[in-house]
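Each chain, written out:
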Amino acid sequence: MNNGAAMKFSANLGFLWTDRALPEAIHAAKAAGFDAVECHWPYETPPDATNAALRETGLPMLGLNTVRGNLGENGLTALPGREPEARAAIDQAIAYAITTQTSAIHVLAGKAAGPEAKATFLDNLRYARATCPDNITLLIEPLNRHDAPAYFLRTTDQAAALLEELALPGVKMMYDCYHVARTEGDVVTRLKALLPLIGHIQFAAVPNRGIPDQGEVHYRYVFEQIASLGWTRPLGAEYRPGDETDKSLGWLNAAKKISQNQKPGQ
C-alpha cells in the first residue's frame, strides 16, 4: 500500500468555468475539488476581488499571463521595437501577481523569429527578472505550431537553450504536455530530461485540447510517471471542457487517487 499524498491539480480558469466571473470561478474550482487555480488574463477583474475569493476558498493562484498585445500577436516580449509595451505588460502582470499572491507569471513571447527577436526576448526577460519579486517565478512556454503558428517559442529544446543562455534564477519552463505532444512527442521522456528546468506542468487531451481522459495521450500513465519523480506541485488542467465544466470533471477524482512518489503501475 502506498501512503504518499494524493496528486494535486490546478483549475485553469482561462478555459474552465468561463461562463462565470473570476471570483465565482475560483469558488467553483474549490467546490469541484481542485487544489489551486491559475488563469490567463485576469485584468478585467479588480485584483482585490480576486484576492478576496482566493482567501475565502484557501486556494492559491499559481499563474497568470502577460497580455497578448494587438489582435493575433499572442504576446509582446520577443517583438523588436515593442519594448516599452512589453515592459508595461510585464509591470502590469507583476502588480496583479503581487496583490493576489500569484506564484508565477507566464511571459508571452509573441510572433517573431530570428536573432533580433531572440535578443529582444532575452533582454525583456532580464528586465522582468530584475523587476519581479524573487518569490514569483517567470515562465516561458513553447506553443505548438498548429495552434500558434509563427510563435517565437516553438520547442522545448529552444526553450532549454534560452534558459541556459539567460542563466537567471527563478526563470523556468512551462511544460504543457498538450503542446509538447502535438509538436514533439515523447511527452514523458522529455519531461524527465527537462525536469530541473520546469516550473509548472499543464495538460489537455491530444489533439483536440479537450477532457484529458480521451485522445492520444494516456494521462493516467503520464500522471503516474510525474508522481514517481516526486513532483509535489499542482498540475494545471488547461483543457476545453465543452458546454459545462462541471460535467467534464470525471477524470479528476481518479487522477487525485494517484499518490506522489509511487512507482508507476501501483
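What counts and how
- Residues numbered from 1 in each chain as written.
- Predicted model: local features only at pLDDT ≥ 70, side-chain atom pairs only at ≥ 80, totals over all residues.
- Heavy atoms only, no water.
- Helix = DSSP H or I, 4+ residues; strand = E, 2+ residues; numbered from the N terminus.
- Rg over C-alpha atoms; globule rule 2.2 N^0.38 Å.
- Buried < 20%, exposed > 50% of the residue type's maximum accessible area, 1.4 Å probe, protein only.
- Contact = heavy atoms within 4.5 Å.
- Areas by Shrake-Rupley, 256 points an atom, 1.4 Å probe, with all protein chains shown as cover.
- Lys, Arg positive; Asp, Glu negative; His and termini not counted.
- Charge placed at Lys NZ, Arg CZ, Asp CG, Glu CD.
- Salt bridge = Lys/Arg side-chain N within 4 Å of Asp/Glu carboxyl O.
- Axes fitted to C-alpha atoms, helices over the stretch in contact; angles between N-to-C directions.
- Left-handed = near helix turned anticlockwise from the far one by under 90°.
- Nonpolar A, V, L, I, M, F, W, Y, C, P; charged D, E, K, R; others polar.
- Phe/Tyr/Trp six-rings, centres within 6.5 Å; stacked < 30°, edge-to-face > 60°.
- Lys NZ or Arg CZ within 6 Å of the ring centre and 35° of its normal.
- Core = buried A, V, L, I, M, F, W, Y, C linked by side-chain atoms within 4.5 Å.

Re the overall build of the protein chain
Then, number 1: Regarding its fold elements, the protein chain presents nine helices and eight strands.
Then, number 2: In terms of overall size, the protein chain behaves like a compact globule, its C-alpha atoms giving a radius of gyration of 18 Å where 266 residues would be expected to give roughly 18 Å.
Then, number 3: Across the 266 residues of the protein chain, 53% fall into the buried class.
Then, number 4: Residue pairs in contact within the protein chain that sit at least 24 positions apart in sequence constitute 77% of those at least 6 positions apart.
Then, number 5: Summing over all exposed atoms, the protein chain offers an accessible surface of approximately 11,600 Å²; the carbon and sulfur share of this is 50%.
Then, number 6: For the protein chain, the centre of its 25 positive side-chain charges and the centre of its 29 negative side-chain charges are spaced 5 Å apart.

A closer look at the pattern of salt bridges
Here the idea is simple: oppositely charged side chains can pair when their charged atoms come close.
Then, number 1: The final tally for this structure, using the stated rule, is twelve salt bridges.
Then, number 2: As a salt-bridge pair, Glu238 and Arg209 come within 3.0 Å of each other at their nearest N and O atoms. With Glu238 in the loop between strand E8 (235-237) and helix H9 (250-256) and Arg209 in the loop between strand E7 (198-203) and helix H8 (219-228), this pair connects stretches of sequence that are 29 residues apart. For the residue pair Glu238 and Arg209, the accessibility class agrees, reading buried in each case.

Topic: the side chain of His106
Then, number 1: With respect to the element layout, His106 can be found in strand E4 (residues 104-106).
Then, number 2: If we skip the residues at most four places from it in the chain, His106 touches Leu64, Asn65, Thr66, Leu139, Ile140, Glu141, Tyr151 and Met174.

Some details on the packing of helix H3 (residues 83-100) against helix H4 (residues 115-131)
Then, number 1: Relative orientation of the contacting elements H3 and H4 amounts to 35 degrees, with a least axis distance of 10 Å. Taken as a pair, H3 and H4 cross one another with a handedness that is right-handed. Contacts from Glu83, Ala86, Arg87, Ile90, Asp91 and Ile94 of H3 reach H4 at Thr120, Asp123, Asn124, Tyr127, Ala128 and Thr131.
Then, number 2: Taken together, the residues of the contact of H3 with H4 sort by class into five nonpolar, three polar and four charged.

Considerations on the packing of aromatic side chains
Aromatic ring pairs are defined here through the distance separating the ring centres and the angle between the ring planes.
Then, number 1: Taken as a whole and assessed by the stated rule, the structure comprises twelve aromatic pairs.
Then, number 2: When the centroid spacing of 5.1 Å and the interplanar angle of 55 degrees are considered together, the rings of Phe121 and Phe152 count as tilted. Residue Phe121 is located in helix H4, and its partner Phe152 is located in the loop between strand E5 (137-140) and helix H5 (156-166); the two are separated by 31 residues in the primary sequence. Here Phe121 matches Phe152 in class, with each residue buried.
Then, number 3: An aromatic cluster of at least three residues, connected via ring pairs, comprises Phe9, Trp17, Phe34, Phe203, Tyr219, Phe223, Tyr239 and Trp251.
Then, number 4: Over the ring of Trp41 we find Arg68, and its NZ or CZ is 3.8 Å from the ring centre.
Then, number 5: Lying across the ring of Trp231, Arg233 places its NZ or CZ 4.1 Å from the centre.

Quick notes on unusual backbone geometry
Then, number 1: With omega at 10 degrees, the peptide bond leading from Val206 into Pro207 counts as cis.
Then, number 2: Its place among the elements puts Pro207 in the loop between E7 and H8.
Then, number 3: A positive phi is found at Asn74, a non-glycine position, where the angle reads about 60 degrees.
Then, number 4: On the secondary structure map, Asn74 appears in the loop between strand E3 (64-65) and H3.
Then, number 5: Of note in the backbone geometry, Asp186 takes a positive phi value of approximately 50 degrees without being a glycine.
Then, number 6: With respect to the helices and strands, Asp186 occurs in the loop between helix H6 (177-183) and helix H7 (187-194).

A closer look at the environment of Ala119
Then, number 1: On the secondary structure map, Ala119 appears in helix H4.
Then, number 2: Residues Ala119 and Ala78 lie 41 residues apart in sequence; the distance between their C-alpha atoms is 7.8 Å.

Description of the nonpolar core
Grouped burial of nonpolar side chains is what soluble globular proteins tend to show.
Then, number 1: Membership of the largest hydrophobic core comes to 85 residues, with the highest contact counts inside it found for Phe9, Trp17, Phe34, Ile105 and Trp251.
Then, number 2: Top element by residues in this core is H3. It accounts for seven residues.
Then, number 3: Here Phe34 is in contact with Phe9, Ser10, Ala11, Leu16, Trp17, Ala29, Leu59, Ala237, Leu249, Trp251 and Leu252, once residues within four sequence places are set aside.

It is worth stressing that arrangement in space is one thing and function is another; only the former is reported here.
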